[in-house]
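Analysis of the macromolecular model
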There are 4 protein chains.
Amino acid sequence: MRKICVVITARPSYSRIKTALKAIQEHPNLELQLVVAASALLERYGTAVNYIKADGFHIVAKVFNVLEGENLTAAAKTTGIGILELSSVFENLQPDIVVTVADRFETMATAIAASYMNIPLAHIQGGEVTGNIDEKVRHSITKLADYHLVASQDAEQRVLKLGEEPTSVFNTGCPSIDLAKEVQGLNQLNFNPYEKYGGVGAQPDLSNCYWVVMQHPVTNEYQNSRKHVETTLEAIRQQTEVPVLWFWPNVDAGSDGTSTGIRAYREKYDLSHVHFFKNMQGNDFLNLLDQSIGLIGNSSVGIRECAYLGVPVINIGSRQNRRQRGKNVMDVNYSTQEITQAMNQIQTNPRPTPATIYGEGDAGEKIAAVLAKVELKFHKTIVY
Amino acid sequence: MRKICVVITARPSYSRIKTALKAIQEHPNLELQLVVAASALLERYGTAVNYIKADGFHIVAKVFNVLEGENLTAAAKTTGIGILELSSVFENLQPDIVVTVADRFETMATAIAASYMNIPLAHIQGGEVTGNIDEKVRHSITKLADYHLVASQDAEQRVLKLGEEPTSVFNTGCPSIDLAKEVQGLNQLNFNPYEKYGGVGAQPDLSNCYWVVMQHPVTNEYQNSRKHVETTLEAIRQQTEVPVLWFWPNVDAGSDGTSTGIRAYREKYDLSHVHFFKNMQGNDFLNLLDQSIGLIGNSSVGIRECAYLGVPVINIGSRQNRRQRGKNVMDVNYSTQEITQAMNQIQTNPRPTPATIYGEGDAGEKIAAVLAKVELKFHKTIVY
Amino acid sequence: MRKICVVITARPSYSRIKTALKAIQEHPNLELQLVVAASALLERYGTAVNYIKADGFHIVAKVFNVLEGENLTAAAKTTGIGILELSSVFENLQPDIVVTVADRFETMATAIAASYMNIPLAHIQGGEVTGNIDEKVRHSITKLADYHLVASQDAEQRVLKLGEEPTSVFNTGCPSIDLAKEVQGLNQLNFNPYEKYGGVGAQPDLSNCYWVVMQHPVTNEYQNSRKHVETTLEAIRQQTEVPVLWFWPNVDAGSDGTSTGIRAYREKYDLSHVHFFKNMQGNDFLNLLDQSIGLIGNSSVGIRECAYLGVPVINIGSRQNRRQRGKNVMDVNYSTQEITQAMNQIQTNPRPTPATIYGEGDAGEKIAAVLAKVELKFHKTIVY
Amino acid sequence: MRKICVVITARPSYSRIKTALKAIQEHPNLELQLVVAASALLERYGTAVNYIKADGFHIVAKVFNVLEGENLTAAAKTTGIGILELSSVFENLQPDIVVTVADRFETMATAIAASYMNIPLAHIQGGEVTGNIDEKVRHSITKLADYHLVASQDAEQRVLKLGEEPTSVFNTGCPSIDLAKEVQGLNQLNFNPYEKYGGVGAQPDLSNCYWVVMQHPVTNEYQNSRKHVETTLEAIRQQTEVPVLWFWPNVDAGSDGTSTGIRAYREKYDLSHVHFFKNMQGNDFLNLLDQSIGLIGNSSVGIRECAYLGVPVINIGSRQNRRQRGKNVMDVNYSTQEITQAMNQIQTNPRPTPATIYGEGDAGEKIAAVLAKVELKFHKTIVY
């Protein structure tokens, strides 16, 4: 049995790996060692760990490493503590392969602990390009990783250009698309979001139509995060006809700026058409998106899952810059006016056609298959 | 005044940056903030910090972050502690640019702390290729760094292929060559190594000729480090005619294997033609090399400075694999016989011609000039 | 100039040291080095640091060391990180004496870093007895400290019984009483709490009378912290005539249980006579208390300042067990009924007479005087 | 089964707990969880872990937390890292009781992690008095511990005076005496120290008589540690008739001063009657002591085991100040002359009579019995 240790550090990473976890668990030659760390454990950021447990996964270790403090030094120190903690975890678990997901700053702790301990490292979703701090982290992890399980042709080409061995790069598609595939056929909202997920604020009627909002702070510009979220809040406030479901951001230097902005708006204004959620299980969220008019914000869900589902997206600011996107995406600046215009346009235009840029819905199984067959190695050299 | 914070973590890094430190210090628009960390502070590894002070540099912060333990987990944890400590140091110093040198595992702590804190990061000596864990670290740092001060055309091409902006890559040559240039004209050993540096063991007459040995453990194979050093020790033991000056290895997972191997040999065998040093100032060491028959081991000094000086080198094992080299280098395996044969060959062949692969002796000034003129930025995106 | 480094780690510690900070600052032979750390820096716990700045104190270092996670392991790790960080701070500052305040778990980090580095350590408010985890911390710090600046005769006797040299124990009274003395003469609420401090919830008229509530989680029973706060919330909800000003708890393992309990109650029930504050400057808070009917909760303010001011106190649960108290305190269990009865009783009884158990209002100056005159030493031995 | 987690952090602590480990292991109602940490894992300090394994104990976790650096800041940081690591270990092991041994600085990490996590804490060998930094640590741990397993009546009285509940204090004697009891009957050296333990230096004939030396650096005076060891080295060098067996010191801020002092002497002088050992199994060491003329240095072995065995001791300096001692001990200052005089006196005087101050040889079993029967609790309050 090959032991595969997957480290999940944040809510969004979970939906990007969930079907792969299942496939690893069910694979006859693989044993899953699931580690949950950082903001994935914290209530302020949606307690992703509860969804992971509810989905039936066994967690072998929890790693608390988030150092509080609304600043960039705390992000660095969180990573340092992550290395201290994860290296102990890896020493206990003795995995054959460690898997790190995507590009959040604290995934670097997983990558360094594994590679410094000579444990083969697999990286999910390398090779993409977004134009922010995440990009430094993402490509840096590519250079530490021994296997690259990428989500698109575009990403595959980029990892190869970075000098990785072609035999170590696998375009599996993104596991988040596997989840999108599951909800695609439902054709209706098959749960009551208010009852199931609580949250705060008004509870407008969703039977006709509604917007979904999800806006994360952008690390490099964290002092502006409050101003950024306020331009969106203002656009949402000005239109009161269509209900809005707003999702709280996940942890980051600056997330408190975003959170504070939202809280202040709620105290100050009547937002009787807006409801706020902290978190939602991946499948419910995709079902919700699939049935919505469109998504507003800067989440990569807009670029990936919404492409597959054909959901219109108003993509705000630089966070998803240069990520390969389908025709469902309209890019706008941090501007109340641009957001409002895009909302009007989407309400009048026909729904975009779906696209399979980020996979065809079988990424989880492909990833498990790769992890089961690759030669175990932790030594590599650049190809050029 | 632009504040340039240079972090030195190990003895060998110091000679690779020394002339740049001087040039930064003397530059009218730059202020040097010198931080000494990790094994550069420790007596077991030669207390590089004493040489740094003796050269007249002012140290603004010392960072103790080496976690003891002859294993790879300790290397990971040392890096984690390094991030915790260096992020505090950077917060105090508020540098405009942080400089990290080369590719040892703990340089990653400097790179992560700086890049996560949005401080522009310059990397000295990226783009080279060696085929061991150092290579993962080196290229990974390239992807975190905002400026690349490389030492050869070969390295420059590789950094560009890694997707860095051409305007951020500068081939300055290696500052260690600047030091080699200084000693080149001496034509004799201008100091008494036994008197000046102590050390232990015999004190054979050096007036005729002598070998220099410097062999580091190879991280990926650390359990073999004792066996490796013993093949070299045996070759040295078997030939008793030519004096040998042996230099203790610097810290690494496995260095204790190497150290133990050397100590055990000294207790067991008569090595009356061998003297052991812990450390030596860069200029004296280069003078010593320049006057020697040749260098035996796996130090990168053999690839770089010895190329410039035209000193023959017996390069053992995989540590310098694929690093661009001149005609002065003979590659051998961990084999007493191969080492012995190479020694015989060098003693009969003519001395190789010098080569300027790694610079022409003005790297320090070039580096300072780049740091003074580059636009300050910490945001980048891959070029392809 | 003797350098006195005071480390403040939480909001309540600040009011327990504020007049001493001022007296140190103004003392001709002392230099104040003020370090702010842990929850004193965090918005979730009232950002004490802002009040410290507003009072005109210069902060020489901020130490972020709170590891997020609603559990006791996080408290231990927060202390470990605190030691790592504070030892660097002390190395930079080279203080002559380090001062640690009271007994919160993270004050141990200050005590260990200072005593292990052979820096003379002064402890403010040792020797008291409360019967919870704080007591382990408090007496343990007494055994690490070189000088003891205690707040009452009772505490003085206890420190002496613990085997400390009589020449190292000083009964200065508590600096928080100095602040109480300042507000004592006002005879009215001289600020508008809603305007000055914001907060959330109703804004009932305070001109007639009002209760103040401040209830902290009790570490040893943290899983019960939500249930505990709910018995108080229920008592408050049931009486709707008298306005209530409720103060958010400070950080602790379990504070999220308390916070969640409060938030849930606010969503579920009509609390139109209750206002919630996050924080308040010490003088305003004391003015508010002095003008209130009484204080409900488990804060030590009820035991100390309220004794001096003669404010009635309903002290809930075990948190202040065995702390020396005046006749102003009524002790009750976690019981809605008991709290309600006590509230009725206070409303009908005459106001208690003030008592000077914890000082006469000159503690700050006495502390500065002691720190200026004590012999510097870090070596001690138990007296028996 | 009650799970008892014992944390051993240094070589000397092992012999102070060994028979208790065995008794816990063999107890029908106890399960031993043995954790080895800090210098007990390191080769430089004798790799106590190897002896522990050789004695057949199963180690459930190894904790590397020694931060290198010959200074007091490193001691503080080592403790901080210890808390970070041990809290993870305790979370994994979920022990019913944690046991910390004696008073070295890093035992505080065990005490804080356990007590902050609400795990009942037992302290072995509290209540003693020595007059150095160890004493701060020792009494401070007493105030964190829930059970006190002390080694003498004197210590028992002191712990009670410190305000601990009489029901939580148990005078079991010291387990090191159990080991002394085992070797007492041998009446000869039943092993060859050179063959069995290697070491370096001369191998003088031990059949007639010999001295044993063991001198640790004294933390509070660490800059003097080299000078201190040199006065002893000089006394040893001057007398050349009687062979000397010298034991390397264990880790401490300053140990490198001691080590360097010894190394320098060995290089400089002819010490052909002196042999140096790094480490020795407890039973062999006691056998060696029992057959020697006497012990020179500042080890507590001189105070405890040598009292029981009736071995003369020259106790140098302040390290054992005020520890209860028998008539076998002669106290001297750091003075070559005083040491020489004491050596002469011992060689002419009759051997002292044994004394059972520190137990009668059944401490291990008594400790296991206490741990099996005490009520589990982590809540306490001072008795006065």
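With an unreviewed UniProt entry as reference, chain A is termed UDP-N-acetyl glucosamine 2-epimerase, source organism Psychroflexus salis.

Secondary structure summary: chain A contains 15 helices and 14 strands in total. Whereas a compact globule of 384 residues would reach a radius of gyration of roughly 21 Å, chain A reaches 20 Å, a difference of no more than 12%. Expressed as lengths along the three principal axes of its C-alpha atoms, the size of chain A is roughly 60 × 40 × 40 Å. Relative to its 384 residues, chain A shows a buried fraction of 69%. Contacts spanning at least 24 positions in sequence make up 72% of the contacts within chain A whose residues lie at least 6 apart. Of the accessible surface of chain A, which amounts to about 12,600 Å², a share of 45% is contributed by carbon and sulfur atoms. Of the side-chain charges in chain A, 36 are positive and 40 negative, and the distance between the mean point of each set is 2 Å.

A separate point is the packing of helix H8 (residues 175-184) of chain D against helix H12 (residues 282-291) of chain D. All names here are of chain D. Viewed as axis vectors pointing N to C, H8 and H12 meet at an angle of 60 degrees, and their least axial separation amounts to 9 Å. Considered as vectors, H8 and H12 are oriented oblique to each other. H12 is crossed by H8, and the crossing has right-handed handedness. Across the interface between the two elements, Ser-176, Leu-179, Ala-180, Val-183 and Gln-184 from H8 touch Asn-283, Leu-286, Asn-287 and Asp-290 from H12.

After a rotation of 180 degrees and a shift along the axis of 0.0 Å, chain A superposes on chain B with an RMSD of 0.1 Å. Here the transformation between the copies is reduced to the relation of a two-fold axis. Here 100% of the interface residues in chain A have copies in chain B that are interface residues too; the copies meet face to matching face.

What follows deals with the pairing of strand S3 (residues 59-63) of chain B. Residue and element names in this part refer to chain B. Taken together, the 4 bridges between strand S2 (residues 30-37) and S3 define a ladder with parallel strand orientation. In the sheet register, Val-36 faces S3, and the bridge partner there is Lys-62. Between the parallel pair S2 and S3, the chain is carried across by helix H3 (residues 48-54), and the sense of this crossover is right-handed.

This part covers the interface of chain C and chain D. With 46 residues of chain C in contact, the opposing surface of chain D contributes 46 residues. Where chain C packs against chain D, one counts 2 salt bridges. In this structure, Lys-136 of chain C engages Asp-146 of chain D in a salt bridge whose closest nitrogen and oxygen atoms are separated by 2.9 Å. Seen at the junction of chain C and chain D, the total is 29 residue pairs in polar contact (both at pLDDT 80 or more). Contributing elements (two or more residues each) for the side of chain C that touches chain D: helix H4 (72-93), helix H5 (107-116), helix H6 (133-144) and helix H7 (153-161) of chain C. A per-element tally of the side of chain C that touches chain D places H4 of chain C first, with 13 residues.

Tallying each qualifying case throughout the model produces 68 salt bridges over all chains. Between Glu-164 of chain A and Lys-380 of chain A there is a salt bridge whose closest N-O contact spans 2.8 Å. Separated by 216 residues along the polypeptide, Glu-164 of chain A in the loop between helix H7 (153-161) and strand S7 (169-171) and Lys-380 of chain A in the segment after helix H15 (363-373) bring together distant segments of the chain. Classification of Glu-164 of chain A as buried rests on a relative accessible area of 3%. Among the salt bridges present, the one from Arg-325 of chain C reaches Asp-331 of chain C, with a minimum N-O distance of 2.5 Å.

Moving on to the nonpolar core. Grouped together as the largest cluster of nonpolar side chains are 412 residues, with contacts concentrated most on Phe-90 of chain A, Val-6 and Phe-90 of chain B, Phe-90 of chain C together with Val-6 and Phe-90 of chain D. Setting aside anything within four residues of it in sequence, one finds Phe-90 of chain B in contact with Cys-5, Val-7, Pro-95, Val-98, Thr-110, Ala-113, Ala-114, Met-117 and Ile-119 of chain B.

Okay, helix H5 (residues 107-116) of chain B next. Residues and elements named next belong to chain B. Among the 10 residues in H5, 10 count as buried, and that is most of the element. Among the residues making up H5, those that are buried are Thr-107, Met-108, Ala-109, Thr-110, Ala-111, Ile-112, Ala-113, Ala-114, Ser-115 and Tyr-116. Within two residues after H5, Asn-118 carries a phi angle of roughly 60 degrees, on the positive side.

What follows is about the interface of chain A and chain B. At the junction of the two partners, chain A supplies 46 residues and chain B supplies 46 residues. Interface area for chain A against chain B, summed over the two sides, is near 4,300 Å², with a carbon-plus-sulfur share of 59%. For the chain A face of the interface with chain B, the top three residues by lost area are Tyr-116, Lys-136 and Tyr-384 of chain A, together amounting to 20%. Summed over the shared surface of chain A and chain B, the result is 2 salt bridges. Where chain A touches chain B, the interface holds 29 residue pairs in polar contact (both at pLDDT 80 or more). Those elements that provide at least two residues to the side of chain A that touches chain B are helix H4 (72-93), helix H5 (107-116), helix H6 (133-144) and H7 of chain A. Counting residues per element, the side of chain A that touches chain B draws most heavily on H4 of chain A, at 13 residues.

Now for the domain arrangement of chain A. Looking at chain A, the domain boundaries give domain 1 (2-174 + 360-373) and domain 2 (182-348). In this structure, domain 1 of chain A and domain 2 of chain A have C-alpha centres spaced 26 Å apart.

In the superposition of chain C on chain D (RMSD 0.0 Å, axial shift 0.0 Å), the rotation amounts to 180 degrees. Of the interface residues in chain C, 100% have counterparts in chain D that sit at the interface too, so the contact is made through matching surfaces.

With that settled, consider the packing of helix H4 (residues 72-93) of chain B against H5 of chain B. Helix-helix packing: each pair is described by the crossing angle between the helix axes and the interaxial distance. Residue and element names in this part refer to chain B. Viewed as axis vectors pointing N to C, H4 and H5 meet at an angle of 45 degrees, and their least axial separation amounts to 8 Å. Comparing the axis directions of H4 and H5 gives the class oblique. Judged by the twist between their axes, the crossing of H4 over H5 is right-handed. Listed contacts from H5 to Thr-79, Gly-82, Ile-83, Leu-86, Ser-87 and Phe-90 of H4 are Met-108, Ala-109, Thr-110, Ile-112, Ala-113 and Ala-114. Along the lines of polarity and charge, the residues of the contact of H4 with H5 split into 8 nonpolar, 4 polar and no charged.

Residue and element names in this part refer to chain D. In space, the 7 strands of this open sheet follow the order S8-S11-S10-S9-S12-S13-S14, with mixed pairing throughout. Each edge of the open sheet carries a strand with a single partner, namely strand S8 (200-201) and strand S14 (329-332). Where strand S10 (residues 244-247) meets strand S11 (residues 274-277), 4 bridges bridge the pair, whose relative direction is parallel. Bridging across to S11, Phe-247 finds its partner in Phe-277. Across the face of the sheet, helix H10 (residues 225-238) comes into contact with strand S9 (211-214), S10, S11, strand S12 (294-297) and strand S13 (313-316) while running at roughly 165 degrees to S10. Along the sheet, H12 contacts S9, S10 and S12; its crossing angle with S9, the most-contacted strand, is approximately 130 degrees.

As a further point, take unusual backbone geometry. Residue Gln-94 of chain A is not a glycine yet carries a positive backbone phi of 45 degrees. Mapped onto the elements of the fold, Gln-94 of chain A is located in the loop between H4 and strand S4 (97-101). Among the residues examined, Gln-94 of chain A registers a relative accessible area of 48% and is labelled partly exposed. Unusually for a residue other than glycine, Asn-118 of chain B sits at a positive phi of about 60 degrees. Inspection of the secondary structure assignment puts Asn-118 of chain B in the loop between H5 and strand S5 (121-124).

Calculation rules
- Residues numbered from 1 in each chain as written.
- Chains lettered and ligands numbered in written order.
- Predicted model: local features only at pLDDT ≥ 70, side-chain atom pairs only at ≥ 80, totals over all residues.
- Heavy atoms only, no water.
- Helix = DSSP H or I, 4+ residues; strand = E, 2+ residues; numbered from the N terminus.
- Rg over C-alpha atoms; globule rule 2.2 N^0.38 Å.
- Buried < 20%, exposed > 50% of the residue type's maximum accessible area, 1.4 Å probe, protein only.
- Contact = heavy atoms within 4.5 Å.
- Areas by Shrake-Rupley, 256 points an atom, 1.4 Å probe, with all protein chains shown as cover.
- Lys, Arg positive; Asp, Glu negative; His and termini not counted.
- Charge placed at Lys NZ, Arg CZ, Asp CG, Glu CD.
- Axes fitted to C-alpha atoms, helices over the stretch in contact; angles between N-to-C directions.
- Parallel < 35°, antiparallel > 145°, perpendicular 65-115°, else oblique.
- Left-handed = near helix turned anticlockwise from the far one by under 90°.
- Least-squares fit on C-alpha atoms with pLDDT ≥ 70 in both.
- Pairing = 2+ DSSP bridges.
- Right-handed = clockwise from strand over helix to strand, strands pointing away.
- Salt bridge = Lys/Arg side-chain N within 4 Å of Asp/Glu carboxyl O.
- Polar contact = N/O pair within 3.5 Å; in protein donor to acceptor, adjacent residues only side chain to side chain.
- Core = buried A, V, L, I, M, F, W, Y, C linked by side-chain atoms within 4.5 Å.
- Buried area = accessible area lost by both parts, 1.4 Å probe.
- Domains from an automatic or database assignment.
- Nonpolar A, V, L, I, M, F, W, Y, C, P; charged D, E, K, R; others polar.

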